[in-house]
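Fold and geometry: a report
If you want the building blocks of each chain, they are given just below.
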Amino acid sequence: MAAGPPGPRCRRVPTLTDRIPLSEPCLAGNEGRYLQECIETGYVSSVGPFVERFEREFAAWIGAPHAVAVSSGTAALHIALLVAGVKPGDLVAVSMLTFIASVNAVVYAGGVPVLVDSETETWNADGARLYDWVASRARKGAPLPVAVEAVHVLGHPAQLEPFLALREEFGIMLIEDAAESLGAEADISGRCRKVGTVGNIGCFSFNGNKVITSGGGGMIVCDDPEVAHRARHLSTQAKMPGRAYQHDAIGFNYRLTNIAAAVGLAQLEQLDGFLEKKRNIALQYDESLETVAVELPPRVHWARSSSWLYSILLESPERARSLLGALNEASIDARPLWISAASQKPYRRAETIGFEVAADLSARGISLPSSVALRSTQQDRVIEQIRTCVSARRH
Ligand SMILES: *Cc1c(COP(=O)(O)O)cnc(C)c1O
C-alpha cells in the first residue's frame, strides 16, 4: 500500500519476530570503503583527511561558511554555549520538550536553564512567550538570558523570528539545536534557510538514530571564522599550535575521530535520498491516518520538516498509553514523545515559562517507526495496528 520510491538497499538480518525499529541507521553507501581506507592508511584517530573532508562537505551541503566536527551532538552544544559567551550563573533559555542533552549542555557550560514551554503549531519553544518574559525582565532591570538554545524537535523547524528579535533588541545569542532536524528548512524573512544556519551557531548530532550517523558525532556550524576557530580550539584540549603540551584554556577532548568522520562522510553522500525517503514515509502516514482519531504532526506553510521521527497525538494520555502498549506488543518499536525537562528529576526546580503545552504533548504523543529503510509492508503493519486500536475520526 505504501507508495514512494524504493529506499536505499540496507543489509539487514531478519529477526524471528521481525521487530520494526523506530529509527535505525542505513549504511548502504561508501561506509565500508572509507573505513577500509582509514585502516590502510593508519589514520584512525582525531587527525586524518576524513575529518576535514566531512567538515568541508557538510558546510557546503548545509550552506554555512564553517563547520567543526565534534564527538557528539551534546559536545557540539556544550562548545557552542561556551563560545557564545555563557559564563557560570548565566541564564540560558531552552525548550523544555526536547531530548535531555539540550538542557544538560547548558549546565555543563555553567549556565542556568530557563525552560520554555512549547507552542502548539510546531511543538517547539514558544518564542513569543519567551519574548514577553525577557521584555518584562528588561523593564525591571533583572538579569536576562545570555543565550537562547532553540531546539527544532522531531525534524520540524521552530518559529525563529521571536528569537531573532531577542537577539536584535537584547543582544541574546541564538544557538540552534538542530540535532533532530538536519535538512529541515524554514522561510526566514522571505528567504528559505536550512535550520542550523539561521542563529549565531548551529549544532547537529550524528548519533545512530539521527538523520545521518557517524556512529556517534556532532557538528558545529557558524558564519563567524573567529567562532569556528574558538570552537575547534576548545574541542581539541585548547592545544596551542606548534607548541607541544601547551594549552591556553581549559579545553575538551571533543574532536571527531577520522573513523567516525569516514562513516559520517559516506552518510552525508546519501543524505538527499534519506530525506526523500523520510518525507515519503511521513506522507504515507499522513494519508493513512487521516481517517482515524489522531492528530498528525505539525505541518506549516512556512517550513519543511526533515520528518526525522513521525509523531502523532492521541485524544488522551490513556489512549496514547494503550496504543503504545499494543504497538510494542506487536513488535513495533514506537515510543512516547520526549518527556518535558520540567518534570525530569534534575530540573524540577528549574525556572519555567509555562509548562502545560509541553506536558500535554508529551502525555499524548507517540513516535512511530521512521527508519530510512522502513519497508512499505512494515509501514502497512504499523498503520493497520493503529487502525485496529484507534477509533475512526469524528467529524
Ligand atoms: C540527539 C540529541 C542531542 C544530543 O546528540 P548526541 O549526539 O546524542 O550527543 C541533542 N539535542 C537533541 C534535540 C537531540 O535529539
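A brief structural summary. All figures in this text were calculated on a predicted structure; none of them were measured in a lab.

Spatially, 3 strands are ordered E11-E14-E12 in an open sheet, and the strand pairing comes out antiparallel. Two strands in the sheet have a free side with no partner beyond their single neighbour: strand E11 (311-313) and strand E12 (335-336). Pairing of E11 with strand E14 (residues 365-367), which is carried by 3 bridges, proceeds in the antiparallel orientation. The residue bridging Ile312 from the neighbouring strand is Ile366, located in E14. Along the sheet, helix H11 (residues 356-364) contacts E11 and E14; its crossing angle with E14, the most-contacted strand, is approximately 55°.

A few words on the packing of helix H5 (residues 127-140) against helix H6 (residues 161-170). Contact geometry of H5 with H6 gives a least axis separation of 8 Å together with a crossing angle of 20°. Comparing their axes, H6 and H5 come out roughly parallel. The two elements H5 and H6 cross, and the hand of that crossing is right-handed. Residues Gly127, Ala128, Leu130, Tyr131, Val134, Ala135 and Ala138 of H5 form the contact with H6, whose participating residues are Pro162, Phe163, Ala165, Leu166, Glu169 and Phe170.

The next thing to look at is a nonpolar patch on the surface. Together, Ile39, Val44 and Ile259 give the surface a local cluster of nonpolar side chains, amounting to about 230 Å² of exposed area. Among the structural elements, Val44 can be located in the loop between helix H1 (31-41) and helix H2 (49-62). With relative accessibility at 35%, the residue Val44 sits in the partly exposed group.

Once that is clear, we can look at the pairing of strand E3 (residues 112-116). Most of E3 is tucked away, with 4 of its 5 residues classed as buried. Of the pairings in the sheet, the one linking strand E2 (residues 91-95) to E3 comprises 5 bridges and is parallel in character. Looking at the pairing, Ser95 lines up with Val116 of E3. Crossover handedness for the path E2 to helix H4 (residues 101-108) to E3: right-handed.

Below, the discussion takes up the sheet that holds strand E10 (residues 303-304). Backbone hydrogen bonds are what pair the strands of a sheet, in a parallel or an antiparallel way. Within the open sheet, the 3 strands sit side by side as E7-E6-E10. Their pairing is antiparallel. Each edge of the sheet is formed by a strand with only one pairing partner; in this case those strands are strand E7 (191-194) and E10.

With that settled, the discussion passes to the site of the ligand. Around the ligand lies a shell of 16 residues, among which Gly73, Thr74, Glu180, Ser205 and Lys210 are the nearest. Gly73 is positioned such that a nitrogen or oxygen atom in its backbone is 2.8 Å from an oxygen atom of the ligand. In the model, an oxygen atom of the ligand is placed 3.1 Å from a nitrogen or oxygen of the Lys210 side chain. Out of a free accessible area of 380 Å², the ligand has 93% covered by protein chains. Those elements giving two or more residues to the shell around the ligand turn out to be helix H3 (73-83) and H4. Examining the composition of the shell around the ligand, we find that 3 residues originate from one element, H3, more than from any other. Per-class residue counts for the shell around the ligand are 5 nonpolar, 8 polar and 3 charged.

This part covers the side chain of Glu119. Tracing the backbone through its elements, the reader meets Glu119 in the loop between E3 and H5. Salt bridges are absent for the buried Glu119, whose nearest opposite-charge side chain, Arg129, sits at 10 Å. A distance of 2.7 Å separates a polar side-chain atom of Glu119 from the backbone nitrogen of Glu121. At 2.5 Å, the side chain of Glu119 forms a polar contact with the side chain of Thr122. Beyond its immediate chain neighbours, meaning those up to four positions away, Glu119 contacts Asn124, Ala125, Asp126, Gln159 and Val357.

In this section: the nonpolar core. Among the nonpolar cores identified, the biggest contains 80 residues, and Phe54, Phe58, Leu182, Phe204 and Met219 are the most heavily contacted of them. Residue contributions to this core peak at 8 residues, all from H3. In this view, Leu182 contacts Phe58, Trp61, Ile62, Phe204, Val211, Ile212, Leu271, Leu275 and Ser306; residues no more than four positions away in its chain are not counted.

A few words now on helix H12 (residues 376-389). Since one α-helical turn is 3.6 residues long, residues separated by three or four positions face the same way. With 14 residues, H12 ought to run about 20 Å at 1.5 Å a step, and its terminal C-alpha atoms sit 20 Å apart, in line with that. Listed in full, the buried residues belonging to H12 are Gln378, Gln379, Asp380, Val382, Ile383 and Ile386. Considering only its buried residues, H12 is in contact with helix H9 (271-289), E11 and helix H10 (317-329).

For Gly264, the position within the fold is in helix H8 (residues 258-268). Judged by relative accessible area, Gly264 falls into the buried class, the value being 0%. C-alpha separation for the pair Gly264 and Ala69, spaced 195 residues apart in sequence, amounts to 10.0 Å. With residues up to four places along the chain from it excluded, the contact list for Gly264 reads Phe54, Ile212, Thr213 and Ser214.

Another aspect to go through is the packing of aromatic side chains. Within this structure, the stated rule accounts for 9 aromatic pairs. Ring centres of Phe58 and Phe204 lie 5.1 Å apart, and the angle between their planes is 70°; on these two criteria the pair is classed as edge-to-face. Here Phe58, found in helix H2, pairs with Phe204, found in strand E8 (residues 201-205); they are 146 residues apart in sequence, far enough to count as distant. Of the two residues examined, Phe58 and Phe204, each falls in the buried class.

Structurally, Asp333 is set in the loop between H10 and E12. Sequence separation of Asp333 and Ala249 is 84 residues, and the distance between their C-alpha atoms is 44 Å. Setting aside chain neighbours within four positions, we find Asp333 in contact with Arg19, Ile20, Pro21, Leu22, Asn328 and Pro369.

Parameters at a glance
Residues numbered from 1 in each chain as written. Predicted model: local features only at pLDDT ≥ 70, side-chain atom pairs only at ≥ 80, totals over all residues. Heavy atoms only, no water. Pairing = 2+ DSSP bridges. Helix = DSSP H or I, 4+ residues; strand = E, 2+ residues; numbered from the N terminus. Contact = heavy atoms within 4.5 Å. Axes fitted to C-alpha atoms, helices over the stretch in contact; angles between N-to-C directions. Parallel < 35°, antiparallel > 145°, perpendicular 65-115°, else oblique. Left-handed = near helix turned anticlockwise from the far one by under 90°. Patch = residues over 30% accessible without salt bridge, like charges linked within 9 Å, V, L, I, M, F, W, Y side chains within 5 Å. Areas by Shrake-Rupley, 256 points an atom, 1.4 Å probe, with all protein chains shown as cover. Salt bridge = Lys/Arg side-chain N within 4 Å of Asp/Glu carboxyl O. Buried < 20%, exposed > 50% of the residue type's maximum accessible area, 1.4 Å probe, protein only. Right-handed = clockwise from strand over helix to strand, strands pointing away. Near = heavy atom within 4 Å. Polar contact = N/O pair within 3.5 Å; in protein donor to acceptor, adjacent residues only side chain to side chain. Nonpolar A, V, L, I, M, F, W, Y, C, P; charged D, E, K, R; others polar. Lys, Arg positive; Asp, Glu negative; His and termini not counted. Core = buried A, V, L, I, M, F, W, Y, C linked by side-chain atoms within 4.5 Å. Expected span 1.5 Å × (residues − 1). Phe/Tyr/Trp six-rings, centres within 6.5 Å; stacked < 30°, edge-to-face > 60°.

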